[in-house]
Amino acid sequence: MAQINPSILSADFARLAEEATAVEGADWLHVDVMDNHFVPNLTLGVPIVESLSRATETPLDCHLMIEDPDRWAPQYVEAGAGSVTFHVEAAAAPVRLAREIRAKGARASMALKPATPIEPYEDLLPELDMLLIMTVEPGFGGQAFLDIMLPKIRRTRELISKHGLELWLQVDGGVSESTIERCAEAGADVFVAGSAVYGANDPAEAVRALRTKADGTIASAAWACNH
Ligand SMILES: O=C(CO)[C@H](O)[C@H](O)COP(=O)(O)O
Ligand SMILES: [Fe+2]
């Protein structure tokens, strides 16, 4: 079954609590944390995550696009995030960090930028609850989906199956009604969508439409049938 995670990067930051409840049917609320160092953009930090976790029943999926996640990621768990994603390109000790996130009670997730291959990290997969494959260069919402990431999604799904893992495979960037089926067919089961949800007239309806397309594709996808 697909999970649809709207990204509040495309929401109105002055009305975050309202925007969070506008997508009540969503599985998780995706929160993009950017520090203007790891990526050339600046968004929000621990205090806003703390407030948001009190303002919505939907669990928070925090995507940290920051330097030194080894220092900061545990604070996002304490702030109420149910899932914390760090970038492997920024982490000094990804295994220790994943274990610390899990020990503090959240799901541990690791992200790969488009130019980062999955193969060197095969042995780390059992340490993770989710792997995030970026389908745009991180930093901004509203960018075009990178089709060249589809083979990496496919190879990652093969590794997950090979090791018999329950790991979720998330895609983030340019996911819309016109690209979600390609991602699902390749092996993704968790879908982040910013502009496709918050840019729609009815965000909750946009979530339902994305879910219908992803579920339909997963139901007949070879990777899910063999699962
Ligand atoms: O991590 C991100 C950007 O770095 C965002 O989650 C992502 O871009 C969502 O926005 P959109 O669906 O509009 O591409
Ligand atoms: Fe994100």
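Within each chain, residues carry numbers counting from 1 in the order of the written sequence. Chains and ligands are labelled by the order in which they are written, letters from A for the one and numbers from 1 for the other. Side-chain atom pairs in this predicted model are given and counted only at pLDDT of 80 or more, local residue features only at pLDDT of at least 70, and totals for whole chains, interfaces and linings cover all residues. Hydrogens are left out, water is left out, and the side-chain values use all remaining heavy atoms of the structure.

Comments concerning the packing of aromatic side chains
Aromatic pairs are defined between Phe, Tyr and Trp rings, using the six-membered ring for Trp, whenever the two ring centres lie within 6.5 Å; interplanar angles under 30 degrees are classed as stacked, those over 60 as edge-to-face, and all others as tilted. Tallied over the entire structure, the rule returns one aromatic pair. A centroid spacing of 6.2 Å and a plane angle of 75° characterise the contact between Trp28 and Trp168, whose relative ring orientation is edge-to-face. Here Trp28 is found in the loop between helix H1 (16-21) and strand S2 (29-34), whereas its partner Trp168 is found in strand S7 (residues 168-172), with 140 residues between them in sequence. Only protein chains enter the accessibility calculation, which uses a 1.4 Å probe; a residue whose area is less than 20% of its type maximum is buried, one above 50% is exposed, and one in between is partly exposed. For Trp168, a relative accessible area of 22% corresponds to the partly exposed category. Note on geometry: a ring has a charge over it if NZ (lysine) or CZ (arginine) is within 6 Å of the ring centre and within 35 degrees of the ring normal. One Lys or Arg, Arg107, reaches over the ring of Trp168 and ends 3.4 Å from the middle of that ring. Seen from the ring of Trp223, Arg157 lies directly overhead, with NZ or CZ sitting 4.0 Å from the centre. Only DSSP runs of H or I reaching four residues or more are called helices, and only runs of E reaching two or more are called strands; each is numbered from the N terminus.

Some details on the UniProt feature "binding site: substrate" (unreviewed entry) in the chain
UniProt positions are given in the numbering used here, feature names are shortened, and annotations may be inferred rather than shown by experiment. Feature annotation in UniProt assigns "binding site: substrate" (unreviewed entry) to the following positions: Ser7, His63, Gly139, Phe140, Gly141, Gly142, Asp172, Gly173, Gly174, Gly194 and Ser195. Along the chain, Gly173 turns up in the loop between S7 and helix H6 (180-186). Using a relative accessible area of 9% as the deciding quantity, one classes Gly173 as buried. Following the sequence through the fold, Gly174 ends up in the loop between S7 and H6.

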